[in-house]
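Structural overview
As a plain string of letters, each chain reads:
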Amino acid sequence: MNWENLLSLKRQGDTHKRLRKEQDETRLGFEVDYDRIIFSSAFRSLQDKTQVIPLSKTDFVHTRLTHSLEVSVVGRSLGRIAGKKILEKHPFLSESYGYRFNDFGAIVAAAALAHDIGNPPFGHSGEKAIGEYFITGNGQKYQSVLSPKEYQDIVEFEGNANGFRLLSQSREGVTGGLRLSYATLGAFMKYPKESLPKKPTKHISDKKFGFFQSEKEAFQEVATDLGLLQTRDGDDISFARHPLTFLVEAADDICYTIIDFEDGINLGLISEDYALEYLIKLVKNTINTKKYNSLKYKEDRLSYLRALAINTLISDAISVFVENEDKILNGIFDTSLLDRSAFKAQIEDIISLSVQKIYKSQEVIEKEIAGYKIISDILDVYTNALIRKKENRASNYDSLMLKTLPEFYRKTDESMYHILLNTCCYVASLSDSAAVHIHNKIMGKQL
């Protein structure tokens, strides 16, 4: 792979080449990507989607939106620092094409801003709830009418694939969705493969999948334009990651490692003593002990440690990225940047404690259980109504329910796969509170 292709400013539907040297410096194409994402309705819904605690009533606990904004900030720093080093190593990118280090920061920031945009309500359990409806629930009856890859798309419903769909899917009168640059779409794609075969290798990019069958052509166009390396021959589509994807992933890993841990402490799920014990191992070379001891309030002490820890991990991730740039460009770097971190042991200790004390806390488990039931019931009502309408046997109740669906999701003149996937994507678009509200209406609990 080469950087001049990987930094493509092309957007879906373009009829002419966009050159970096011809860009308006006051509003660069990569910065336009950021703007389009932040003004989208899909991004706004993240303000009420779970990051750590579902339906938390506490102001300071992160939602998917605040998490995404913070990941974007960290990603921007990672991109700018990496960009500066890449341009020093490959000066022709600046001299011949006009790229600047800020371009790398803008691409990573935009992709990081969108990294959770396709996630359903109730966190990762929401993905599992959608899949299990079609594995063990009433939706399993549809397996016989879907191809293996179509069925896999649904039973392993993937927020990353839904994110690519939201960013790139054409609608009537709107070609190419948000029409982001291919560089940003490439950096967004953590898992540039289709749903089958499942985990064919231990390579990090094969861990999950990044697009549904419905977006296969759009994905291939982006991958081809960027010059991503194809890693599998035949009918199974799989490519090497865009190099900047590793920085997007690192930004996410850094934020959820440190900030979810901070949320757990603020919620009282983790003792503040653990903060000093665990975080000090990350910041021992940079901490100003006198300043730390002068901070009276717990929130200020945590904020100080968090900032130092994030800066430490940013510097470390950049070191790993720069040292392995050639392997990354050749598609043979097979782990996340933090998996090669000098602080890997400390990171694993923090995540292990977070899993034990936060993600498996009674409050989280109880709300995830409720989320499974809510998502299953909503899927059941809408899939049945849509399929019966397609088969010209819709009941009056079905017709009433379909009127509550946004118009885009009411289509029944498509294949069974598209109808079912559309319904899954509708459920995934709901915020936590909206899902609860719709479920209450369906169950007759609220007028």
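Residues numbered from 1 in each chain as written. Predicted model: local features only at pLDDT ≥ 70, side-chain atom pairs only at ≥ 80, totals over all residues. Heavy atoms only, no water.

1. A closer look at the side chain of T383
- You can see T383 is positioned in helix α18 (residues 362-390).
- Exposure remark for T383: the relative accessible area of 1% places this residue in the buried category.
- Residues in contact with T383, not counting those within four places in the same chain, are Y133, Y142, L420 and T423. (Helix = DSSP H or I, 4+ residues; strand = E, 2+ residues; numbered from the N terminus. Buried < 20%, exposed > 50% of the residue type's maximum accessible area, 1.4 Å probe, protein only. Contact = heavy atoms within 4.5 Å.)

2. Topic: the packing of aromatic side chains
- Here the structure, examined in full by the defined rule, presents 15 aromatic pairs.
- Look at F164 and F219: their rings are 6.2 Å apart centre to centre, the planes differ by 75 degrees, and that puts the pair in the edge-to-face class. Separated by 55 residues along the polypeptide, F164 in helix α9 (residues 159-168) and F219 in helix α11 (residues 216-226) bring together distant segments of the chain. Residue F164 shares its accessibility class with F219, and that shared class is buried.
- Ring centres of Y382 and Y426 lie 5.6 Å apart, and the angle between their planes is 85 degrees; on these two criteria the pair is classed as edge-to-face. Pair noted here: Y382 is in helix α18 and Y426 is in helix α20 (residues 416-429), with a separation of 44 residues, a long-range link. Like Y426, Y382 is buried. (Phe/Tyr/Trp six-rings, centres within 6.5 Å; stacked < 30°, edge-to-face > 60°.)

3. Considerations on unusual backbone geometry
- In this model, L196 is joined to P197 through a cis peptide bond whose omega is 0 degrees.
- Mapped onto the elements, P197 comes out in the loop between α10 (182-188) and α11.
- In the Ramachandran plot, R179 falls in the positive-phi region, its phi being about 50 degrees despite a non-glycine side chain.
- Within the secondary structure, R179 is located in the loop between α9 and α10.
- Using a relative accessible area of 23% as the deciding quantity, one classes R179 as partly exposed.
- A positive phi angle, near 60 degrees, is found at N392, a position not held by glycine.
- Mapped onto the elements, N392 comes out in the loop between α18 and α19 (396-402).

4. Let's talk about the packing of helix α2 (residues 29-38) against helix α6 (residues 101-113)
- Two numbers describe how α2 lies on α6: the axes approach to 8 Å, and their chain directions differ by 20 degrees. Classified by the interaxial angle, the pair formed by α2 and α6 is roughly parallel. Seen along the crossing, α2 lies across α6 with a hand that is left-handed. When α2 is examined against α6, the residues F30, E31, D33, Y34, I37 and I38 are found in contact with a partner set consisting of D103, A106, I107, A109, A110 and L113. (Axes fitted to C-alpha atoms, helices over the stretch in contact; angles between N-to-C directions. Parallel < 35°, antiparallel > 145°, perpendicular 65-115°, else oblique. Left-handed = near helix turned anticlockwise from the far one by under 90°.)

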